[in-house]
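Observations on chain architecture
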Amino acid sequence: MDSARLTEDKKSFHANFGKEPIWCFKEALQLRSQFKTRVLAKGCLTFLSETINLQKYLITLTQSSQNEIVFPFSKQVLTLSSYTYKLLNYFYLNKEIIYAVTNEISPISVKCSRTEFQYVSFYEHLHQNDTIQHAFSKTLYQKRFGNYFVDLYNATHKHIKQVCGCSVHNHVFPECIDKKRQHLTKENSISLFNKSYNQVQAEQSKFINYIKTNHSHEVDKITFIYECQWNLVKKQSLLYKNFAADHKLFLDRPLTRLVPRIAVRSGFCEVYKLKWIKEDNPNKVFKISDMNSMYSSMAFQNLFGIEDIEIVIGLKDLQNVEIKNNTLYYKNEQLDIGLIHCSVIGPKNLKMPFLMYRNSNKENFLGLCKMCINNLSKKCLHRSDRSRELTSVWTLAEINFSLSLNYKITQIYEIHFFKKKKPILRDYVQTLLSLRLQNCCIYETLQDKQKFCNLVNRKLELPTVIQLNVNNICSNPLKANLIKSLLNNCFGKFIQHPQTCKTELVRSQARLDELMKTVEVTDITNLSPTLLSVEYEALSRKPNLKTNIYIGSQITALGRIEIYKKMLEIIKNPTAEIYSVDTDCIFFSIDKNSKDPLEYSVCPGDFKNTYPDSEILAYYSLGPKNYSVLLRSHSGQLETSLKVKGLTLNNTYLSQNITAETFSKFLEERFNNEVKTLVIPQVQRCVDKNSITKKKIIQKTFSNTLFLKRYLSDNMFDTFPYGYT
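Treat the numbers as computed from the prediction; the structure is a model and nothing was measured.

On to helix α15 (residues 449-459), then. If you check which residues of α15 are buried, you get F452, C453, V456 and N457. In a view along the axis of α15, the buried residues occupy a sector of 135°, so they form one face of it. Exposed residues on α15 whose side chains face more than 90 degrees from its buried face are K451 and R458. Those residues of α15 hidden inside the fold are in contact with α14 (426-438). Here α15 starts with a cap whose side-chain oxygen sits 3.5 Å from the backbone nitrogen of Q450, and that cap is D448. Just past α15, the residue E461 takes up positive phi, approximately 50°.

Following this line, the structure appears as structure tokens:
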């Protein structure tokens, strides 16, 4: 017997049989494809219309005499960030004098030995009135004659000096006075680079002949100073002994120049405490506050350097650098925009270090002791400054701020600073911020819209022509999101790395050997018995004319300074505790009766509550960008908010298996020395050798391993920086 429901279904089927159109998969596929094509076409046309209207608006604002526009779908514009960066350049930055950074990754020079540095420094000290060029002079590189870099060039006397290592240049007895080399002769001496005496002499003669033939107007004399001869001078010369004693720290400096790329660092991403539960803290509230448009607010509030940089290096220049009121000065000129290569020591009791330092594996740490960071030592036993000091390249803004936190500079090696400064990003950022706020959806809930407009105009210091008023505001969230994307995607282009990844099909052992010697190979795929796909990083030594590392590093550094200042404001309240920071977001707890020190609004630089309509009941973290938050909504429903680095959060398996309870158990089992792991399938898109996009299922793991760049304290849930005592 059929059930009542099945009987009704059969009656409905017979009643409607033949009345509905017969389904055809081919026709349905065509209709679906046509529909998706129409949606894509309308979306592209809408985007094109909005971007063109934006450019027309910018032309009017900037009173540009050019009517050309940047087409967003051209071959030169591949991404949204590329498009907005071109707008910034076209309408604003092209009017300024901004130089390309010629030594972004490394100076255009050859490596310098300690012997060479000692000699050129002493020589420059003795000839202070001469124009001298060497690896550590203000010119950023050694003097170059054709393909030859010379160790020292005295332009005043047209004199070249080459400092030669005895083992490298096959210096033999009787000319060589090094006792360890007296057994060597012209016949049996082999250099460190596996060259014979005759080969080295031939190369030296070739160099001399080239200089005489092609650069006789610049060079009158060439002198070779060998290591053994220089060692004898150091032993016998009282003048050098006094020089070395007076400038010991200077002579022990790192044998590298200031590399601007090193100053590029991301935002703060650190975990200070792993766990917070409402039941254990009934008189406190837990907040997760996110700063609005942090980098945009830094861009329009601050000045940036224009025209060429000034370089401070060498004994004579560095003696004019001093610190006044936690700020660096050079010849009484404040140094606030630019970069500095120096060594610093942080206070041992600073729980939240400020300066980032890259360890030997090129990982950024917020630590206080170099040796502890490199060795991941929980207990710092290093007493000497040399063991603890951090040596790197930072922005001047960072170093000046760190001095107010009781960091101390032990030695300065080089400074690049700008004498001329200008708010070159203010107009563009203000314009886009104004457009974004004109279209945000907050106006639907406002009672006094003009009061809000006045607040935004005042905080953003908007010129009259782009100010908000009740007549130009509306709710258009799609346009607001487009403007937000244009803003957020812009600043990263300033620090885009010139090192691009390339793939080459290799069919011979000779070509593979050549690539292994000349570039950094990152991946090799065996396509067939006679064909390899080799992926490598190609490093270009040409200046990148499309970026400026000084501007980009300054923006990110100012963002870190601002978020750190807000963290300091929070912990001024003795009941407040910082649990984590993630770029522009602060996780903290505070007494429920205390006033929140942060300012909340939609304005850039102010904060917004990440979960405004919910109460946070618990927070668990397994490391940076790896946490869960247990929430209770106004209706009393419990919800979990997750962030797991490396996993897609909308994966069905993930939502069913990882919850706040999972994080809680994982933490408990971790401190019981139990390793727990979940295997989670993830869908990954990849492009095959025929440029066809495919999907594949990969297995990723989620475990209770703590990925921290700090060490755990005895009470387990608190962390401390390496070097803390």
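Another point: the pattern of salt bridges. A full pass over the atoms with the stated rule returns 27 salt bridges. With its nearest N and O atoms 2.8 Å apart, the salt bridge here joins E203 to K195. Looking at E203, the relative accessible area reads 40%, which means it is partly exposed. The class of K195 is partly exposed, set by a relative accessible area of 29%. Two residues, D582 and K643, come together in a salt bridge whose shortest N-O distance is 3.1 Å. Here D582 is found in strand β24 (residues 577-582), whereas its partner K643 is found in strand β29 (residues 638-644), with 61 residues between them in sequence. With a relative accessible area of 8%, D582 lands in the buried category. Residues joined in a network through salt bridges with shared partners are K273, K284, E577 and D718.

The subject of this paragraph is the side chain of S621. Looking at where S621 falls in the secondary structure, it is placed in strand β27 (residues 614-623). Engagement of the side chain of S621 in a polar contact is seen with the backbone oxygen of G623, the distance being 3.1 Å. Other than its neighbours up to four places away in sequence, S621 contacts V271, L274, N626, Y627, L667 and L706.

On to the sheet that holds strand β9 (residues 284-291), then. Strand order in the open sheet formed by five strands is β7-β24-β25-β9-β26, with antiparallel pairing between adjacent strands. Edge strands, defined here as strands with exactly one partner in the open sheet, are β7 (269-271) and β26 (607-609). Mean inter-strand twist for the sheet, computed between neighbouring axes without regard to direction, equals 30°. Sheet topology places β9 next to β26; three bridges connect them, and they run antiparallel. Pairing of D290 across the sheet is with K608, part of β26. Along the sheet face, helix α18 (residues 549-571) touches β9, β24, β25 (585-591) and β26 and points at about 10° away from the line of β25.

Here is a general trend for soluble globular proteins: nonpolar side chains tend to be buried in one another's company. Counting residues in each nonpolar core, the largest one holds 132 residues, and the members touching the most others are L88, F354, I415, L425 and F494. In terms of residue count, the dominant contributor to this core is α18 (10 residues). Sequence-distant contacts of F494, that is, excluding residues within four places in its chain, are made with Y85, L88, L93, L425, T547, N548, I549, I551, G552 and I555. With 32 residues, the next largest nonpolar core counts L274, I616, V644 and A660 among its residues.

Moving on to the packing of helix α2 (residues 25-62) against helix α3 (residues 80-91). Relative to each other, α2 and α3 sit at 20°, their axes nearing to 11 Å. Between α2 and α3, the interaxial angle falls into the category roughly parallel. Note on packing geometry: the crossing formed by α2 with α3 is right-handed. From α2, F47, T51, L54, Q55, L58, I59 and T62 reach across to α3, where they touch L80, Y83, L87 and F91. Taken together, the residues of the contact of α2 with α3 break down into eight nonpolar, three polar and no charged.

On the secondary structure map, V259 appears in the loop between α8 (248-251) and β7. Taking C-alpha positions, V259 is 27 Å from Q301, a pair spaced 42 residues apart along the chain. In this structure V259 touches E104, I105, S106 and V393, once residues within four positions along its chain are discounted.

Moving on, we come to the sheet that holds strand β5 (residues 159-164). Spatial strand order, β1-β4-β5-β6: four strands in an open sheet with mixed pairing. Of all strands in the sheet, those with a lone pairing partner are β1 (132-134) and β6 (221-226), marking the two edges. Each strand of the sheet is rotated relative to its neighbour by a mean of 15°, with strand direction disregarded. Pairing of strand β4 (residues 152-154) with β5 involves three bridges; the strand directions are antiparallel. Residue L152 lies in a different strand from β5, and its bridge partner there is K161. Helix α4 (residues 114-126) contacts β1, β4, β5 and β6 of the sheet and is inclined by roughly 145° relative to β5. The sheet contacts of helix α5 (residues 197-214) involve β5 and β6, and relative to β6 the element is tilted by about 155°.

Taken as a whole, this structure holds 36 aromatic pairs when the rule is applied. In this structure an aromatic cluster arises from ring pairing among Y119, F122, Y123, W230, Y240 and F243. Sitting over the ring of F145, K143 keeps its end group 5.4 Å from the ring centre. Above the face of the Y329 ring, K324 is positioned so that its terminal group lies 5.3 Å from the ring centre.

Inspection of the secondary structure puts G552 in helix α18. For G552 and F491, which are 61 residues apart along the polypeptide, the C-alpha to C-alpha distance reads 6.6 Å. Excluding residues that lie within four positions of it along the chain, G552 makes contacts with F494 and I495.

Looking now at unusual backbone geometry. Here the bond from F173 into P174 is cis, since omega is 10°, no more than 30 degrees from zero. Along the chain, P174 falls in the loop between β5 and α5. Phi is positive for N325, which is not a glycine, with a value near 55°. With respect to the element layout, N325 can be found in the loop between β12 (321-324) and β13 (327-330). Of note in the backbone geometry, N326 takes a positive phi value of approximately 60° without being a glycine. By the secondary structure assignment, N326 is in the loop between β12 and β13.

How each quantity is defined
Residues numbered from 1 in each chain as written. Predicted model: local features only at pLDDT ≥ 70, side-chain atom pairs only at ≥ 80, totals over all residues. Heavy atoms only, no water. Buried < 20%, exposed > 50% of the residue type's maximum accessible area, 1.4 Å probe, protein only. Helix = DSSP H or I, 4+ residues; strand = E, 2+ residues; numbered from the N terminus. Arc of directions from axis to C-beta. Contact = heavy atoms within 4.5 Å. Polar contact = N/O pair within 3.5 Å; in protein donor to acceptor, adjacent residues only side chain to side chain. Salt bridge = Lys/Arg side-chain N within 4 Å of Asp/Glu carboxyl O. Pairing = 2+ DSSP bridges. Axes fitted to C-alpha atoms, helices over the stretch in contact; angles between N-to-C directions. Core = buried A, V, L, I, M, F, W, Y, C linked by side-chain atoms within 4.5 Å. Parallel < 35°, antiparallel > 145°, perpendicular 65-115°, else oblique. Left-handed = near helix turned anticlockwise from the far one by under 90°. Nonpolar A, V, L, I, M, F, W, Y, C, P; charged D, E, K, R; others polar. Phe/Tyr/Trp six-rings, centres within 6.5 Å; stacked < 30°, edge-to-face > 60°. Lys NZ or Arg CZ within 6 Å of the ring centre and 35° of its normal.

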